[in-house]
Protein chains: 2
Amino acid sequence: MRDHRGSVANVSTRLPRVTLADQVRDFIVLEIAQGRMAPGTPLRELEIAEQLGTSQTPVREAFRELSALGLIESRIHVGTRVRDLAEQDLVDAVPVRAALEGVAGRLAAPRLIGNAGDVRDAFLAMQDVARTDDRLAYASASTQFHRAIIRAAHNESLLRAWNALGIEVMTIMAMASNPIPLEDAAESHRVVLEALEAGDPDLAEDVLRNHVSGYLPGTVHLDGDPA
Amino acid sequence: MRDHRGSVANVSTRLPRVTLADQVRDFIVLEIAQGRMAPGTPLRELEIAEQLGTSQTPVREAFRELSALGLIESRIHVGTRVRDLAEQDLVDAVPVRAALEGVAGRLAAPRLIGNAGDVRDAFLAMQDVARTDDRLAYASASTQFHRAIIRAAHNESLLRAWNALGIEVMTIMAMASNPIPLEDAAESHRVVLEALEAGDPDLAEDVLRNHVSGYLPGTVHLDGDPA
DNA sequence: GCGTCAAGCATTATCGATAATATGTAAATA
DNA sequence: TATTTACATATTATCGATAATGCTTGACGC
């Protein structure tokens with residue numbers, strides 16, 4: 001989520017040499033992304049520190065970063081809680097996502113002609129998950145799919161901006177209130193995949209913009225998730 | 001920096017009830033934005049802590065946040081420096097910025113009909129600075145102008161994504177290598193301002209996309225800055 | 001000459017303890 | 001009763017010190 005240099009490059013060479021703060025951050029992200037820490041949940045520094053066997057410092061650092069990323073929010077001398085996204089936040093994110101993923105489609109399409117690689121894998125995974133009817137897992141899979149497209153664009157700025165939106169949390173929240181069958185939702189991504197593998201930048205941009213624009217909460221759309 | 005609470009300075013306004021980490025963060029942002037900390041400048045925790053009269057902890061927290069915001073970058077156990085962008089990064093950012101600022105123009109235009117407010121103020125400030133031939137100050141003013149447009153869109157997600165690009169640093173770097181006269185650069189923003197005040201979303205989006213697309217480094221364009 | 005390895009150093013990463021403070025509760029006051 | 005004040009409490013904010021680690025340099029064997 002916060003790579004030091006190009007995260008697109010060699011992940012294999014970089015050993016898991018991470019700070020405790022990094023681990024704490026990843027732990028919290030996972031808890032939120034998997035719905036165990038619901039929006040509004042208070043996060044107490046010493047409690048989490050004890051739970052993870054660290055001191056308060058790494059937890060505070062993780063909080064700082066997550067706060068900057070908009071995943072949690074703090075009030076000085078009072079406390080920190082999982083950010084409770086209002087519907088307005090979900091609405092606001094849509095045009096921004098549409099624009100970013102449109103750019104991603106444009107840049108990625110020429111690289112994915114005939115074989116969308118990770119994007120195709122993510123699509124298949126999403127279909128598998130859809131059959132299990134696990135909405136939380138589906139939200140995660142959908143996020144993975146869209147992230148794979150962003151990654152395929154090979155543009156660090158794009159990835160950075162997209163990450164800043166905090167799609168994971170939005171996806172979770174929207175999934176909770178959307179009753180669309182998961183298999184239909186997953187299937188609606190096929191057209192995106194096909195547009196990318198067609199390799200036409202204009203087509204890919206258009207399809208992605210439209211697809212993401214359908215994520216407006218409150219409206220009935222094929223994809224149950226906003227991610 | 002320790003004993004200042006008793007001061008009866010500003011009773012009317014909200015007291016500066018912020019953490020030291022916040023103050024350290026703001027200090028660093030200002031140093032970067034005004035070019036006193038150039039890209040690549042190493043930031044040593046204890047040095048800054050001593051300079052500001054705090055301990056290491058608040059400085060580390062500020063680093064974490066700024067790192068998440070993309071302004072600085074850290075390598076574990078080695079050090080932190082002002083984000084040093086390669087030319088590829090500047091190139092990559094252009095289509096992303098163009099898309100984001102296009103959305104901003106679309107959203108902001110209806111709100112700025114006839115009077116662009118802060119955006120106009122920023123434009124005038126940019127013109128003033130351009131006459132002084134202070135390229136660093138101009139870079140700052142240009143960033144302000146574009147940020148004002150993003151703000152005018154009143155979309156938190158948009159602001160978040162735009163901030164993540166680290167425009168401040170890009171602007172400073174591009175200004176260093178761009179020989180275009182500042183007054184011409186400033187003037188090139190007039191069409192953007194006018195499009196916004198015209199209140200036409202389509203026009204504003206189009207003008208902004210084109211304007212920002214001209215920020216490709218290495219090419220000769222009217223605006224000396226990439227921000 | 002070249003590669004390997006072992007201190008030493010500079011700097012960060014983490015800890016445990018202490019200070020500071022926002023908030024809720026209840027007494028004091030009118 | 002309504003309002004203010006004082007205080008206790010829970011939690012964060014900050015500190016100073018120590019541990020851990022990546023980098024550099026130079027010795028050493030080949």
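You'll find the structure just up there.
Before going into details, it helps to say that this report is about the structure given with it. For clarity, every value in this text was computed on a predicted model and none was experimentally measured.

Broken down by element type, chain A carries eleven helices and three strands. Going from N to C terminus, chain A has its helices and strands arranged as α-β-α-α-β-β-α-α-α-α-α-α-α-α. Here chain A holds 227 residues, and the buried ones make up 53% of them. Of the contacts made within chain A by residues no fewer than 6 positions apart, 74% connect residues no fewer than 24 positions apart. When the accessible area of chain A is evaluated, it comes to approximately 10300 Å², of which 52% is carbon and sulfur surface.

For the rest of this paragraph, the subject is the relation of the copies chain A and chain B. Under the fitted operation, chain A is carried onto chain B by 0.1 Å of movement along the axis and a turn of 180°, and the coordinates agree to an RMSD of 0.7 Å. The superposition of one copy onto the other is thereby described by a two-fold rotation axis. Comparing interface residues between copies, 92% of those in chain A also sit at the interface in chain B, which points to an isologous, same-surface contact.

Most of helix α8 (residues 167–177) of chain A is tucked away: nine of the eleven residues are buried. Every buried residue belonging to α8 of chain A is among I167, E168, V169, M170, T171, I172, M173, A174 and M175 of chain A, and all of these are buried. The elements touched by buried residues of α8 of chain A are α1 (20–33), α4 (87–108), α6 (135–152), α7 (156–163) and α9 (182–187) of chain A together with α7 (156–164) of chain B.

What follows concerns the side chain of E61 of chain A. When you line up the elements, E61 of chain A lands in helix α3 (residues 56–68). Under the relative-accessibility criterion, E61 of chain A is labelled buried at 4%. Residues within four places of E61 of chain A in sequence aside, it is in contact with A21 of chain A together with R60 and R64 of chain B.

A word on the pattern of salt bridges. Note on pairing: side chains with opposite charge can pair once their charged atoms come close. Residues and elements named next belong to chain A. Across all of its chains, the model carries 36 salt bridges over all chains by this definition. The closest approach of N and O atoms between R25 and D26, which form a salt bridge, is 3.0 Å. The salt bridge partner of R97 is E101, with a shortest N-O separation of 2.6 Å. Note that R97 and E101 are positioned in helix α4 at a spacing of four residues, about one turn of the helix. Across this residue pair, the class does not change: R97 and E101 are buried.

Counting 91 residues, the largest nonpolar core has V119 of chain A together with V119 of chain B as the members making the most contacts within it. The contact partners of V119 of chain A, leaving out residues within four places of it in the chain, are L112, F145, A148, I149, A152, L193 and L196 of chain A.

Looking now at the sheet that holds strand β1 (residues 42–43) of chain B. Residues and elements named next belong to chain B. On the basis of which strands lie adjacent, the open sheet formed by three strands has the order β1-β3-β2 and antiparallel pairing. Two strands bound the open sheet, and with one partner strand each, they are β1 and β2 (72–75). With two bridges joining them, β1 and strand β3 (residues 79–82) adopt antiparallel strand pairing. Among the inter-strand pairings, P42 is bridged to a residue of β3, identified as R81.

Right, let's get into the environment of S67 of chain B. Along the chain, the position of S67 of chain B falls in helix α3 (residues 56–68). Separated by 14 residues in the primary sequence, S67 of chain B and R81 of chain B place their C-alpha atoms 9.6 Å from one another.

Now for the packing of aromatic side chains. Residues and elements named next belong to chain A. The full count for this structure, using the stated rule, is two aromatic pairs over all chains. Relative to F145, the ring of F123 has its centre 6.4 Å away and its plane inclined at 55°; by these criteria the two rings are tilted. With a gap of 22 residues between them, F123 in helix α5 (residues 118–132) and F145 in helix α6 connect regions that are remote in the sequence.

With that out of the way, let us pick up the sheet that holds strand β3 (residues 79–82) of chain A. Residues and elements named next belong to chain A. Strand order in the open sheet made by the three strands is β1-β3-β2, with antiparallel pairing throughout. Two strands lie at the open edges of the sheet, namely β1 (42–43) and β2 (72–75), each paired on one side alone. Contacts between α3 and the sheet are confined to β1, β2 and β3, with β2 contributing the most and set at about 115° to the helix.

Bringing the interface of chain A and chain B into the picture now. Tallying the contact residues gives 38 residues for chain A and 38 residues for chain B. Linking chain A to chain B there are eight salt bridges. For D22 of chain A, the salt bridge identified is with R64 of chain B, shortest N-O distance 3.0 Å. Applying the counting rule to chain A against chain B returns eleven residue pairs in polar contact (both at pLDDT 80 or more). Of the residues belonging to the side of chain A that touches chain B, the class tally is 16 nonpolar, six polar and 16 charged.

Definitions and limits used
- Residues numbered from 1 in each chain as written.
- Chains lettered and ligands numbered in written order.
- Predicted model: local features only at pLDDT ≥ 70, side-chain atom pairs only at ≥ 80, totals over all residues.
- Heavy atoms only, no water.
- Helix = DSSP H or I, 4+ residues; strand = E, 2+ residues; numbered from the N terminus.
- Buried < 20%, exposed > 50% of the residue type's maximum accessible area, 1.4 Å probe, protein only.
- Contact = heavy atoms within 4.5 Å.
- Areas by Shrake-Rupley, 256 points an atom, 1.4 Å probe, with all protein chains shown as cover.
- Least-squares fit on C-alpha atoms with pLDDT ≥ 70 in both.
- Salt bridge = Lys/Arg side-chain N within 4 Å of Asp/Glu carboxyl O.
- Core = buried A, V, L, I, M, F, W, Y, C linked by side-chain atoms within 4.5 Å.
- Pairing = 2+ DSSP bridges.
- Phe/Tyr/Trp six-rings, centres within 6.5 Å; stacked < 30°, edge-to-face > 60°.
- Axes fitted to C-alpha atoms, helices over the stretch in contact; angles between N-to-C directions.
- Polar contact = N/O pair within 3.5 Å; in protein donor to acceptor, adjacent residues only side chain to side chain.
- Nonpolar A, V, L, I, M, F, W, Y, C, P; charged D, E, K, R; others polar.

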